[in-house]
Amino acid sequence: MTIRAPLAFAPADPAVTPRSQELIPLYRQISDDLLAAIAHQGLKPGDALPTEGELCRTYGVSRITIRKALDELVARHLIVRRRGSGTFISDADRMAKSVSLTGFIDDVLMLNRMQVLAEGKARLPAHVASFTRLDPEVLFRHIVGLNHINEGEPIVHIAFWFPPAVAPHVTVADVAGPLPTIRHIEQHHPHRLDHARQRMDAVAATPVIAAALGIAPGTPVLRALRAYSDTEGAPMEIFEAHYHPDRYEFAATLFPRQG
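This structure is a prediction, so every number in the text was calculated from the model and none was measured.

1. Description of empty space enclosed by the protein
- Evaluation of the coordinates by the stated rule reveals 1 cavity of 30 Å³ or more.
- In this structure, the largest cavity is lined by 17 residues; those nearest its centre are Met110, Asn112, Ile158, Arg226 and Phe239.
- Elements that contribute at least two residues to the lining of the largest cavity include exactly β5 (153-162), α9 (181-188), β7 (220-230) and β8 (235-243).

Set out below in structure tokens:
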């Protein structure tokens, strides 16, 4: 079974104000509309979605916007891409395990008091390459640091990867702080920062991460993968962060969509 025709993209609900729509990126509005179409048509795991070209024509937007909308659903484990076959509804078990929120980049940035632990060149680890969908064979500028609340109180271990186009403009001093690194990149980058994708999950601290944070190996820690992209869809900065379990928390205030 396939989607016969997605719901026409038009935020017509009178309870949704123009201002609230301005705060929701276009790709997120499209991904939400696709979810409504999937529910409306009763699609099941394994059913196919329209092609990117068909969705571009339906919504009247660029392929980049459609890809970002689909990327959003992939990141939420709601759909899967199969090379050479198309895009399909994911299985229900995976759907139930993902929550996605929209927010502002500035709300998650923190000032850096970074101790740089290592620098050099490296390829993206397999799980980071999978998250970013970037070529795992490309060499990135790689910097590893340990950010602190106060002296002797590390809050987060961060591994950064900067793509070749960005790498010449990033110094160790930039990473050390006090400004977040992405703010330095923005000053030199030819295109504007468009968005950041982030995924958070709980993992067991490896011996290296545990030693840096001053905790026991195997301790559960919150991990964040984040990838900043410009308006052309090109990567600007990628990082993997592991947060100290007692010094960082992620909280959100939630409102009804139509409230």
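Additional details are given in the paragraphs that follow.
2. Quick look at the packing of helix α2 (residues 26-40) against helix α4 (residues 63-75)
- Two numbers describe how α2 lies on α4: the axes approach to 8 Å, and their chain directions differ by 60°. In this view, α2 runs oblique relative to α4, as classed from their interaxial angle. α2 and α4 meet at a crossing whose hand is right-handed. Facing Leu26, Tyr27, Arg28, Ile30, Ser31, Leu34 and Leu35 of α2, the residues of α4 in contact are Thr65, Ile66, Lys68, Ala69, Leu70, Glu72 and Leu73.
- Of the residues contributing to the contact of α2 with α4, the split by class is 9 nonpolar, 2 polar and 3 charged.

3. Description of the side chain of Asp174
- Checked against the element boundaries, Asp174 lands in helix α8 (residues 172-176).
- Summary of buried charges: Asp174 has no salt-bridge partner, and the nearest side chain of opposite charge, Arg141, is 8.0 Å away.
- Other than its neighbours up to four places away in sequence, Asp174 contacts Asn112, His169, Leu179, Thr181 and His184.

4. Section: α4
- A rise of 1.5 Å per residue sets the reference length of α4, with its 13 residues, at 18 Å; its end C-alpha atoms lie 18 Å apart and thus fit the reference within 8%.
- Along α4, the residues classified as buried are Thr65, Ile66, Lys68, Ala69, Leu70, Asp71, Glu72 and Leu73.
- For α4, the elements touching its buried residues are α2, α3 (52-59), β1 (79-82) and β6 (193-204).
- Positive phi appears at His77, one or two residues downstream of α4, with a value of about 65°.

5. Notes on the pairing of β8
- Across the 9 residues that make up β8, a large majority, 8, are buried.
- Here 6 bridges tie β5 to β8, and the two strands are oriented antiparallel to one another. Each bridged residue has a counterpart across the sheet, and for Ala159 the counterpart in β8 is Glu240.
- Strand direction decides the pairing type here: β7 and β8, joined by 8 bridges, are antiparallel. Bridge pairing in β8 links Ala224 to Ala241.
- Between β7 and β8, which pair antiparallel in sequence order, lie 4 residues; one of them, Gly233, sits at a positive phi of approximately 85°.

6. Notes on the packing of α3 against α4
- Here α3 crosses α4 at 110°, and the two axes come no closer than 9 Å. The angle between the axes of α3 and α4 places the two elements in the roughly perpendicular class. Together, Glu52, Gly53, Leu55, Cys56 and Tyr59 of α3 and Arg63, Ile66, Arg67 and Leu70 of α4 make up the contact between the two elements.
- Of the residues assigned to the contact of α3 with α4, the class counts are 5 nonpolar, 1 polar and 3 charged.

Procedures and definitions
Residues numbered from 1 in each chain as written. Predicted model: local features only at pLDDT ≥ 70, side-chain atom pairs only at ≥ 80, totals over all residues. Heavy atoms only, no water. 1 Å grid on protein atoms, 1.4 Å probe; cavity = no way out; pocket = protein on both sides within 12 Å on 5 of 7 lines; lining within 4 Å. Points joined across faces, edges and corners; volume = space filled by probe spheres on them. Helix = DSSP H or I, 4+ residues; strand = E, 2+ residues; numbered from the N terminus. Axes fitted to C-alpha atoms, helices over the stretch in contact; angles between N-to-C directions. Parallel < 35°, antiparallel > 145°, perpendicular 65-115°, else oblique. Left-handed = near helix turned anticlockwise from the far one by under 90°. Contact = heavy atoms within 4.5 Å. Nonpolar A, V, L, I, M, F, W, Y, C, P; charged D, E, K, R; others polar. Buried < 20%, exposed > 50% of the residue type's maximum accessible area, 1.4 Å probe, protein only. Lys, Arg positive; Asp, Glu negative; His and termini not counted. Salt bridge = Lys/Arg side-chain N within 4 Å of Asp/Glu carboxyl O. Expected span 1.5 Å × (residues − 1). Pairing = 2+ DSSP bridges.

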